Amino acid sequence: AQSVTQPDIHITVSEGASLELRCNYSYGATPYLFWYVQSPGQGLQLLLKYFSGDTLVQGIKGFEAEFKRSQSSFNLRKPSVHWSDAAEYFCAVGELTGGGNKLTFGTGTQLKVEL
Amino acid sequence: DSGVTQTPKHLITATGQRVTLRCSPRSGDLSVYWYQQSLDQGLQFLIQYYNGEERAKGNILERFSAQQFPDLHSELNLSSLELGDSALYFCASSPPGAFGPSTDTQYFGPGTRLTVL
């Protein structure tokens, strides 16, 4: 079974500082990888996804992520964090299962932004 | 706004009761997924329907069931509710692949917060 690890439960950064959220996955084949963001009381919003091709993917709100097969990682980055980025971030891997598919999520990283 | 709608937004009920959560997918999406988010279990996949048929099953309790109707909306039925069923229940939908369900992006609704007292 595949799994996703987000080693940082909480991260605090100052507004304007750079950000990197870590994600490691365990999956035998080429993974389908996603980052979602959840603001308080909200649903999950897709930030970006990786299916194949260029290993550096750009997403919404100035986020990017880099797929590194050798490290089984898909870390999320942002060069300059805004106070509105405070939220919980989830990394997920997509899996085909028989006739269907599902997402397996990491435990999430709560981002706090200090003004 | 993802285009996925869920009702109700909040639900408070008592142990032993039964509730139904409703989801309408984005226009054109054939897959509907249900996920449970709780403090102790995190985000867990429950079940997937594709064009009315069950296609994938996760850690869904026997007390829970779901279905997808001809108009593609879906309902998640939770029965004999326990305190531990209190959670946020998300519905998601995704567009069809060339040959059926695909690993394309899943678009999430705002969720239904269930509180069992």
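Residues numbered from 1 in each chain as written. Chains lettered and ligands numbered in written order. Predicted model: local features only at pLDDT ≥ 70, side-chain atom pairs only at ≥ 80, totals over all residues. Heavy atoms only, no water.

Caption draft 1: Representation of the overall build of chain A in the model. Scanning chain A for helices and strands turns up zero helices and twelve strands. Written out in order from the N terminus, the α and β elements of chain A read β-β-β-β-β-β-β-β-β-β-β-β. Since a compact globule built from 115 residues should have a radius of gyration of about 13 Å, the 14 Å found for chain A is in line with a globular shape. Counting only C-alpha atoms and orienting by the principal axes, one finds that chain A spans roughly 45 × 30 × 25 Å. By residue count, 45% of the 115 residues in chain A fall in the buried class. Accessible area of chain A: about 5,500 Å², with a carbon and sulfur share of 49%. (Helix = DSSP H or I, 4+ residues; strand = E, 2+ residues; numbered from the N terminus. Rg over C-alpha atoms; globule rule 2.2 N^0.38 Å. Buried < 20%, exposed > 50% of the residue type's maximum accessible area, 1.4 Å probe, protein only. Areas by Shrake-Rupley, 256 points an atom, 1.4 Å probe, with all protein chains shown as cover.)

Caption draft 2: View of the pairing of strand S9 (residues 87-94) of chain B. Residue and element names in this part refer to chain B. Where burial is concerned, most of S9 is hidden: eight out of the eight residues are buried. Burial along S9 is two-sided: Ala-87, Tyr-89, Cys-91 and Ser-93 facing one way and Leu-88, Phe-90, Ala-92 and Ser-94 facing the other are all buried. When strand S4 (residues 31-38) meets S9, the two strands line up antiparallel, connected through seven bridges. Note on S9: the bridge partner recorded for Tyr-35 is Phe-90. Sheet topology note: the S9/strand S11 (residues 112-116) ladder contains three bridges and is antiparallel. Bridge assignment links Tyr-89 to a residue of S11, and that residue is Thr-112. As judged from the two bridges shared by S9 and strand S10 (residues 107-108), these two strands associate in the antiparallel manner. Its bridge partner being in S10, Ala-92 is matched across the sheet by Phe-108. (Pairing = 2+ DSSP bridges.)

Caption draft 3: Structural detail: the state of the cysteines. Per the counting criterion, the structure on display carries two disulfides over all chains. In this model, Cys-23 of chain A is linked to Cys-91 of chain A through a disulfide, with the two sulfur atoms separated by 2.0 Å. The sign of the S-S torsion, about -65°, decides the handedness of the disulfide formed by Cys-23 of chain A and Cys-91 of chain A: left-handed. One end of the pair, Cys-23 of chain A, is in the loop between strand S3 (19-21) and strand S4 (24-26); the other, Cys-91 of chain A, is in strand S10 (residues 87-97), and 68 residues separate them in sequence. Take Cys-23 of chain A: its relative accessible area is 0%, and that puts it in the buried class. Cys-91 of chain A sits in the buried class, given a relative accessible area of 0%. Between the sulfur atoms of Cys-23 of chain B and its disulfide mate Cys-91 of chain B the distance is 1.8 Å. An S-S torsion of about -50° defines the bridge between Cys-23 of chain B and Cys-91 of chain B as left-handed. Within this pair, whereas Cys-23 of chain B is found in strand S3 (residues 19-24), its partner Cys-91 of chain B is found in strand S9, the two being separated by 68 residues in sequence. (Disulfide = S-S within 2.5 Å.)

Caption draft 4: Geometry of the layout of surface pockets. Considered as a void within the structure, the largest pocket measures approximately 720 Å³ in volume. Along the walls of the largest pocket sit 32 residues, with Gln-37, Ser-38, Gln-41, Gly-42 and Leu-43 of chain B positioned nearest its centre. When contributions to the lining of the largest pocket are tallied by element, the ones reaching two or more residues are S10 and strand S11 (100-105) of chain A together with S4, strand S5 (42-50) and S9 of chain B. For the lining of the largest pocket, the per-class residue count stands at ten nonpolar, 18 polar and four charged. If you add up the space inside the second largest pocket, you get close to 410 Å³. Lining the second largest pocket are 22 residues, and of these Gly-43, Leu-44 and Gln-45 of chain A together with Asp-1 and Ser-2 of chain B sit closest to its centre. Of all the secondary structure elements, the ones that give two or more residues to the lining of the second largest pocket are strand S5 (32-38) and strand S6 (44-50) of chain A together with S10 of chain B. Per element, the largest residue contribution to the lining of the second largest pocket is four residues, and it comes from S6 of chain A. Classifying every residue of the lining of the second largest pocket by side-chain character gives ten nonpolar, nine polar and three charged. (1 Å grid on protein atoms, 1.4 Å probe; cavity = no way out; pocket = protein on both sides within 12 Å on 5 of 7 lines; lining within 4 Å. Points joined across faces, edges and corners; volume = space filled by probe spheres on them. Nonpolar A, V, L, I, M, F, W, Y, C, P; charged D, E, K, R; others polar.)

Caption draft 5: How the structure looks around the sheet that holds strand S8 (residues 74-78) of chain B. Residue and element names in this part refer to chain B. One open sheet accounts for four strands, arranged S1-S3-S8-S7; its pairing is antiparallel. The sheet is open, and its two edges are formed by strand S1 (5-7) and strand S7 (64-68), each paired on a single side. Strand-to-strand twist in this sheet, taken as the mean axis angle between neighbours without regard to direction, amounts to 15°. Here S3 runs beside S8; their pairing, made up of five bridges, is antiparallel. Across the sheet, residue Arg-22 finds its bridge partner in S8, namely Glu-75. (Axes fitted to C-alpha atoms, helices over the stretch in contact; angles between N-to-C directions.)

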